[in-house]
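Okay, here's what each chain looks like letter by letter:
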Amino acid sequence: MPTTLRRPTPLRSQTRPVRPSIVDPLSAEPFSLDQQLEPFARWVGEPLWVPPKDDHTLLAETMIRETRPFASADVRWDAALRKHKDRFTQVRELDLFEASIRLPKGRFLVSITEQQDFAKIEDKIPACVQTRLDEFLAGPGQQRGVKVYYFKPLCVESGNQLILTTREDVNAAIEKVKRQVFDEYRRQAVFQRSTQALAAAANTLLALPRAMANYYANRRQRQIDALEAKLEFERRKRVLAATRTYQQHRSTPCSFDDMLALTSPLKRTEVIEQFCIEQELRREERDRLLMFALGTVPWYVSMSLTVSYLAAMGLGVLPSVMVADPAFVAEMPDNPGVLLKIGHFDEVDGVMHVEI
């Protein structure tokens, strides 16, 4: 007998139309960017400050200038750190809650860039991570006490593997640089301390003539400032009169600023010359006023500002370790020490991996 085939029941008759979910605004919690941020890691211990490796002379000279002759080594080092903190690299230990991209779960060291130094970041930031960061800074990041960091693990990259740097390695690098700085300090200390002692003695002996010279200069400068203001007022009054006359007899537009730009501004030396003529001062007095106006002061006034204050300004030096696998994180004031993930990214085999 022939077999009768039944037609299958259409699926649409077995299913219900999909309806959008309705959220009751009275019972639902308000949406905020905070809900998207997940706990990422936490800080362990206090920061380490890694010094620049090629600024031995600058750090040694700072210790000589900023500390007393019999200060301890810790006091000298703290003075150098305080003076040149922007040259040091902040390093902290991080405890990662879960493995992320190539970062393993657990503790490792990272270099820190704080929010006020984000302009110094030279790495290419993915657009989605940058947008995520901007949204956070424009929202929850404006709360008082919020801290935002950009960190990069201290590691050496071998293929796709990261060989993490240990705390012992960082401490050894810091101690090596400190030894070199203190060696430079000892080489300079004998001569520099003697110079400092002579400068201090001369500074004390010349305190009175320096005060008298400053009083004289300030008094004369106030008189010259008053004359300069008077002459400038006269110049502008004449320019205003010329502008009104021009506008009355000419049809082409001409403003006060246009007319003022045609005149020559006052020069300090010319004002001093006029002051000397009006006051009938001697040539020696005129030369002395010009000397102060040009910034050249007597040796007994400038000596205390020049002795042992000439420091070599070197270029910034990159850290001695390589870094990779960076991330932006936030530390909220109500949960200090715990870091929330804003954006984590890394390029592996030419492919950018992003976690937000």
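It should be noted that the structure appears before, not after, this text.
K.L.:
Looking at this structure, I do not really get the overall build of the protein. What am I missing?
P.N.:
A tally of regular secondary structure across the protein gives 9 helices and 9 strands. By residue count, 36% of the 356 residues in the protein fall in the buried class. Expressed as a percentage of contacts within the protein between residues at least 6 apart in sequence, the contacts between residues at least 24 apart total 71%. When the accessible surface of the protein is totalled, it reaches about 23800 Å², and 55% of it is carbon and sulfur.

K.L.:
What's the story with the packing of aromatic side chains in this structure? I'm lost.
P.N.:
Here a ring pair, both rings aromatic, is described through the centre-centre distance and the interplanar angle of the planes. Under the defined criterion, the tally for this structure stands at 7 aromatic pairs. Aromatic rings pair up to connect Trp77, Phe88, Phe182 and Tyr185 into one cluster.

K.L.:
I keep staring at the nonpolar core and nothing clicks. Help me out?
P.N.:
Generally speaking, a soluble globular protein has its nonpolar side chains buried in company with each other. Judged by nonpolar contacts, the single largest core of 16 residues is most densely connected at Phe118, Ile125, Phe136, Val148, Tyr150, Phe328 and Ile342. The set of elements that each furnish at least two residues to this core consists of helix 3 (127-138), strand 4 (147-153), strand 7 (327-331) and strand 8 (338-348). The contact partners of Phe328, leaving out residues within four places of it in the chain, are Phe118, Ile121, Ile125, Val129, Leu133, Tyr149, Tyr150, Leu340, Lys341, Ile342, Gly343 and Phe345. Phe40, Ala41, Leu103 and Ala327 belong to the second largest nonpolar core, which has 14 residues in total.

K.L.:
Looking at this structure, how should I read unusual backbone geometry?
P.N.:
Across the chain, the bulk of peptide bonds are trans and the bulk of non-glycine residues have phi less than zero. Residues other than glycine seldom take positive phi values, yet Ile101 does so here, at roughly 50°. Positionally, Ile101 belongs in the loop between strand 2 (89-96) and strand 3 (106-114). We classify Ile101 as partly exposed; its relative accessible area is 31%.

K.L.:
What is the right way to look at helix 7 (residues 268-279) in this model?
P.N.:
Along an α-helix, residues three or four apart share an orientation, since each turn contains 3.6 residues. Between its first and last C-alpha, helix 7 extends 16 Å over 12 residues, near the 16 Å set by a 1.5 Å rise per residue. Every buried residue belonging to helix 7 is among Val271, Ile272, Phe275 and Cys276, and all of these are buried. Buried residues of helix 7, viewed axially, fall in a sector of 140°; they line one side. Looking one or two residues beyond helix 7, the residue adopting positive phi is Glu280, at roughly 55°.

Cut-off values and rules
Residues numbered from 1 in each chain as written. Predicted model: local features only at pLDDT ≥ 70, side-chain atom pairs only at ≥ 80, totals over all residues. Heavy atoms only, no water. Helix = DSSP H or I, 4+ residues; strand = E, 2+ residues; numbered from the N terminus. Buried < 20%, exposed > 50% of the residue type's maximum accessible area, 1.4 Å probe, protein only. Contact = heavy atoms within 4.5 Å. Areas by Shrake-Rupley, 256 points an atom, 1.4 Å probe, with all protein chains shown as cover. Phe/Tyr/Trp six-rings, centres within 6.5 Å; stacked < 30°, edge-to-face > 60°. Core = buried A, V, L, I, M, F, W, Y, C linked by side-chain atoms within 4.5 Å. Expected span 1.5 Å × (residues − 1). Arc of directions from axis to C-beta.

These values are about where atoms sit, not about what they do.
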